[in-house]
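Descriptive analysis of the structure
Letter by letter, the chains look like this.
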Amino acid sequence: MDHVVIIGNGISGVTAARYIRKLSNKQITIISAESDYFFSRTALMYVYMGHMKFEHTQPYENWFWKKNKIDLVNGFVKTIDTDHKTLVFENGNTLNYDKLIIATGSKPNKFGWPGQDLNGVLGMYNKQDLENLEKLAPNNKLCKRAVIIGGGLIGIELAEMLSSRQIPVTFLVRESSFWNGVLPEGESTMINEHIKSHHIDLRLSSNLKEIISDENGRVKSIIIKETGEEIPCNLVGLTAGVSPNIEFITSSKIETNRGVLVNRYLETNIPDVYAIGDCAEQREAIGNRKPIEAVWYTGRMMGEVIAQTICRNKMTYNPGHWFNSAKFFDIEYQTYGWVFAKPKENHAHFHWKHADNTKCITIEYNTITHEFIGINTFGIRMRHETFDTWLTEKRTIDFVINHLSDANFDPEFYKRFENDILATYKNQLQNV
Amino acid sequence: MNKNLEESMSLAKPNAQDLTVSQKTAVFIGVLGLFIFVLALFNVSFPNRGLTISVALGSIFIGVFIFSNAAYLNTSKGIKNDGVWFKSISSRGVLGWAIGIILTLFYIVLYFYPQYLGLASKGASNTGLIALFDPLSLLLSGRPASQWFVYGTLYTLAILVFGYKFILKYRHNRYQQLRTVSVMFFQLGFAFLIPEFMARLNESPHYNLPYYDLKSMWPLNYYLFDGWSINGFLSSGTLGLALLIFGVLSVFVVSPILTYKYGKRWYCSWVCGCGALAETAGDSFRQLSSKKLSAWKLERWLIHTVLVFSVIMTISVIYTYLGSDPDKFWLTRSAFLLSIGILLTSVFAVVMLFKRQELGKDARYGAIGYFIIIAALFIMHYTGTTDKIFLIKSSSLRSAYGLYIGSIFSGVVGTGFYPILGNRVWCRFGCPMAAILGFQQRLFSKFRITTNGGQCISCGNCSTYCEMGIDVRVYAQKGENIVRSSCVGCGVCSAVCPRGVLKLENRNLKNRINSRDILLGNDVDLIDLIKR
Ligand SMILES: Cc1cc2nc3c(=O)[nH]c(=O)nc-3n(C[C@H](O)[C@H](O)[C@H](O)COP(=O)(O)OP(=O)(O)OC[C@H]3O[C@@H](n4cnc5c(N)ncnc54)[C@H](O)[C@@H]3O)c2cc1C
Ligand code: SF4
Ligand code: SF4
């Protein structure tokens, strides 16, 4: 009987294990150094904010693993010996595999800032980070101010977390507007305003120069590169993106670049070794997707696919239409298809914003064929399935705008904006 | 696992839970009102009871009003669950336990020792807390207060003030606001005021109406078909008869239609008084319900046992009430048993014929319950004129039900244990009405909670805040619609979901139950492959 070993008990590793179990009787072992049981990384913020206890972030009850004959090992893999199909743990133990799935996720980026390893500096990725945060910033008496470096999705979550305990936050964002490498200008501006309305000291176009230590090796303040301003603080959150967590692999024969290199079958250069999730890097990007996709959904999808391949139904990773979602304080965001920060060649944006500055949509479309390319929606929930169908059917923007109510997914009795959006659309067309 | 992380997460106290000055003032004012009740309980006599009761009720009103405004009005619109698991009251802390114990004791006294509340023995006048409520009762119904009037007043007050708080908490969510206004309206009008006014009618010799809360349906209102109740209706002219017919119609016609169109939520989250208290005063405790699979198993056994109990009890009570002579009254004992038998058999047959594949595990309970009831009918029929069923007198069955289910389960445990087991203990484990509506919701209804394609991130907010203990995430992360008999359609799972994954909907029956193995987002061929 094949022994499938999975390093990493995140969404990708666990999804792979569950589907392999559904399809086969193979022996399955999941290894993780982070936690005994699978938990939802995306929910870490809610533990700190007191919405949930840590146990609530675990999607399966503890008996689930035994019942489904999935062995769990808590340990840190130090090296992979692909010649002997053996894993060596930090404590010297070894484990043999027939098939190996690498699903080791990411780690926070550090760009060599002076002081980046001081006590009081942390990333916001794993359970240990959360525990550290709890120690360093339990309340605003012990943490008088926190500075967050890096304006991405995790940075804004950290800002929300800290402000839930009334800890003053300074938010350093390198870009001239929040997340404007991804979001079109109108949306990005709206989120800037929203961040400020939550009393976050948002500093745009600001880079970190260095982190200053006090006499005990603890964070005392930071200095902004552009202005030289020194901001006293007790905590520094590094949230300038993540990169694949593959340091321990680089010494093995498995080929890596920024991540573990895989082909469309999610195979590495070594037979019987696969990589999925945040740590995998496609040799060639798929469509508009990045070679490394560090999001929940793609990890899950790769897990679904790899299970097929391992259970003798070899399959390429062939993701459907892009989608994603996030929440910026009180504003929910969803996206279907592609909306770029600046429209691509022959593309244009249709933008509608509600007067209350908490809802807007942007649609990217082709100016020649009028084909609908994608939508960003803020403060209005939309139906995934509907947009997925429209994208497949290559609908035009006219069609989409006229049928927008079919895609609405807001709770019942919510105010609807389709007519307003349609009116704005007609108006803009006349002005063109 | 790190002990701290598990327990309260924090070594130092997270200060998000500190009260503001105006909230402290509000707590003071509110507690002042409660304190007046305590004084009254210890027989402190107040010179002007009318004024005192107004001050007491008024200060509770004002206290909660100020508290809620301070808590929500100055914050942005959105989900307000910060610190829920740090606050003693909402995380089974000392405060939670204290409130649980006080509530439980209150219910025990209310149901079993009303004399301690000051209920007068025959002929005498009330004392203590109940006497304090006399002026209000006299004003409304013209009678002195009883322990039930005191309870009803406090119950309604709680729904109104905490309903206001809930509406502010969900300022961004019209579904939540509307259903809260609805339960506040039904509680104040239907459960509180109308029955009091109906009591006024009874001053006339032509009326002998029993207490009747129009929105409370059998079997929740298990005393509707008691002998005294039916006699009361029948001796109150056309109005009485109309009310009785309304009671029967609401169970057999109105409710099935509404449940088909909207699911059981039309009742449990929009009308019902128990639901009203759970959703308003109980809102701070919704996260305490157990999401374990074992709790779900217990729930299914318990609630269906209570249902069977209530059906048998009601049948035997009506059976005992009826006569055997068709000349006196068209509905004889035999005719009654026969029609019940036919009704149950047809429901059973329809389910088995058309819905077998959707039933799964629940089928066992349905089948067992059905057979117990049918057996009971047979035994009653063949043992003839006796008023016994399974060797128990129907009147003892009725009082056992009233004591164990009506008082202890729904009151003492159901409400007293809010801060320990969550706010819908009764609705989830005990309510026979919920069992019937749930049965229909599962099999014959357009209601479901749709999950939004592949958007779920398995965060667990939905499951945590589901007061019915439904592990919503289990369905959401599989992209499967939630079609569960216990779902009361409160909509909170949908509200707290940070990714917009859940939507309560009434849509057509096709594909309502859609278990699928692969979520939206992946290779279309793979989805097809798995579907096959
Ligand atoms: C705070 C936060 C919020 C997020 N929110 C969202 C969101 O809203 N939507 C979204 O799409 N994505 C979100 N993400 C990203 C998403 O969580 C990740 O893409 C996803 O968790 C990656 O899953 P994975 O299984 O690839 O890896 P991981 O979840 O990182 O799991 C990898 C596991 O492997 C273990 N491991 C690594 N190396 C070793 C070793 N040598 N030995 C043993 N064990 C090892 C790690 O400890 C870890 O437990 C968020 C991420 C964070 C940090
Ligand atoms: S599933 Fe959702 S709507 Fe149903 S009871 Fe639970 S929280 Fe309420
Ligand atoms: S449905 Fe929403 S709240 Fe529930 S687990 Fe998924 S993302 Fe979280």
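Residues numbered from 1 in each chain as written. Chains lettered and ligands numbered in written order. Predicted model: local features only at pLDDT ≥ 70, side-chain atom pairs only at ≥ 80, totals over all residues. Heavy atoms only, no water.

A short note on the interface of chain A and chain B
Contacts between the two partners involve 74 residues from chain A and, on the opposite side, 73 residues from chain B. The junction of chain A with chain B conceals about 6000 Å² of combined surface from both sides, 48% of it contributed by carbon and sulfur atoms. Linking chain A with chain B are 3 salt bridges. Our count for the contact surface shared by chain A and chain B stands at 32 residue pairs in polar contact (both at pLDDT 80 or more). If you list the elements that add at least two residues to the side of chain A that touches chain B, you get α1 (11-23), α2 (44-48), α4 (127-136), α5 (153-164), α7 (296-310), β21 (323-328), β22 (331-337) and α8 (384-392) of chain A. Per-element tally for the side of chain A that touches chain B: the top contributor is α7(A), with 7 residues. Split into classes, the residues belonging to the side of chain A that touches chain B amount to 28 nonpolar, 23 polar and 23 charged. (Contact = heavy atoms within 4.5 Å. Buried area = accessible area lost by both parts, 1.4 Å probe. Salt bridge = Lys/Arg side-chain N within 4 Å of Asp/Glu carboxyl O. Polar contact = N/O pair within 3.5 Å; in protein donor to acceptor, adjacent residues only side chain to side chain. Helix = DSSP H or I, 4+ residues; strand = E, 2+ residues; numbered from the N terminus. Nonpolar A, V, L, I, M, F, W, Y, C, P; charged D, E, K, R; others polar.)

Considerations on the site of ligand 1
Lining the immediate surroundings of ligand 1 are 33 residues, of which Ser12(A), Glu34(A), Tyr125(A), Asp278(A) and Arg499(B) lie closest. Of the chains in the model, those with residues near ligand 1 are chains A and B. Interatomic distance of 3.5 Å between a backbone N/O atom of Ala294(A) and an oxygen atom of ligand 1. The set of elements that each furnish at least two residues to the shell around ligand 1 consists of α1, α5 and α7 of chain A. Each residue belonging to the shell around ligand 1 can be placed in one class, and the counts come to 15 nonpolar, 13 polar and 5 charged. Looking at which domains feed residues into the shell around ligand 1, each of domain 1 (3-107 + 243-310) and domain 2 (121-240) of chain A supplies at least three. (Near = heavy atom within 4 Å. Domains from an automatic or database assignment.)

Side note on the pattern of salt bridges
All names here are of chain B. Under the definition given, this model contains 35 salt bridges over all chains. For the salt bridge of Arg286 with Glu467, the shortest nitrogen-to-oxygen distance reads 3.4 Å. In this pair, Arg286 sits in the loop between α12 (273-280) and α13 (293-321) while Glu467 sits in the loop between α21 (461-465) and α22 (472-476), placing the two residues 181 residues apart along the sequence. Here Arg286 matches Glu467 in class, with each residue buried. Between Arg428 and Glu299 there is a salt bridge, and its shortest N-O distance comes to 2.8 Å. Remark: Glu299 occurs in helix α13 and Arg428 occurs in helix α19 (residues 425-430); sequence separation between them is 129 residues. An identical accessibility class is assigned to Arg428 and Glu299; each is buried. Members of the salt-bridge network, linked through shared partners, are Lys169, Arg179, Glu279, Asp283, Arg286, Arg424 and Glu467. (Buried < 20%, exposed > 50% of the residue type's maximum accessible area, 1.4 Å probe, protein only.)

So, the sheet that holds strand β13 (residues 208-213) of chain A
Residue and element names in this part refer to chain A. Taken in spatial order, the 3 strands make up an open sheet running β13-β14-β15, and their pairing is antiparallel. For this open sheet the edge positions go to β13 and β15 (230-232), each flanked by a neighbour on one side alone. Direction aside, the axes of adjacent strands within the sheet are offset by 25° on average. (Pairing = 2+ DSSP bridges. Axes fitted to C-alpha atoms, helices over the stretch in contact; angles between N-to-C directions.)

What about the domain arrangement of chain A?
Residue and element names in this part refer to chain A. Taken as a whole, chain A is organised into domain 1 (3-107 + 243-310), domain 2 (121-240) and domain 3 (323-430). Averaged C-alpha coordinates put domain 1 and domain 3 at centres separated by 35 Å. Listed by partner, the interface residues are 5 residues for domain 1 and 5 residues for domain 3. In this structure, the connection of domain 1 to domain 3 is made through 0 salt bridges. Linking domain 1 to domain 3 there are 1 residue pair in polar contact (both at pLDDT 80 or more).

Observations regarding helix α3 (residues 49-73) of chain B
All names here are of chain B. Under the 1.5 Å per step criterion, the end-to-end length of α3 is 35 Å for 25 residues, consistent within 8% with the ideal 36 Å. Of all the residues in α3, the buried ones are Thr52, Ile53, Ala56, Leu57, Ser59, Ile60, Gly63, Val64, Ser68, Asn69, Ala70 and Tyr72. Those residues of α3 that are buried lie in contact with α2 (21-41), α5 (128-132), α6 (134-141) and α7 (147-169). Looking at where α3 begins, the residue whose side-chain oxygen comes 3.2 Å from the main-chain nitrogen of Gly50 is Asn48. (Expected span 1.5 Å × (residues − 1).)

Remarks on the packing of aromatic side chains
What characterises a pair of aromatic rings is the spacing of the ring centres plus the angle enclosed by the ring planes. Counted by the stated rule, this structure contains 51 aromatic pairs over all chains. Taking 6.1 Å as the distance between ring centres and 15° as the angle between the ring planes, the aromatic pair formed by Phe413(A) and Tyr175(B) counts as stacked. Taken together, the positions of Phe413(A) in the loop between α9 (397-402) and α10 (418-431) and Tyr175(B) in helix α8 (residues 174-201) put the pair across two chains. Centroid distance Phe65(B) to Tyr164(B): 4.8 Å. Interplanar angle 25°. Geometry classified as stacked. Taken as a pair, Phe65(B) in helix α3 and Tyr164(B) in helix α7 lie far apart in primary sequence, 99 residues in all. By relative accessible area, which is 39% here, Phe65(B) ends up partly exposed. Classification of Tyr164(B) as partly exposed rests on a relative accessible area of 24%. In this structure, Arg484(B) packs its charged tip against the face of Trp296(B), placed 3.5 Å from the ring centre. (Phe/Tyr/Trp six-rings, centres within 6.5 Å; stacked < 30°, edge-to-face > 60°. Lys NZ or Arg CZ within 6 Å of the ring centre and 35° of its normal.)

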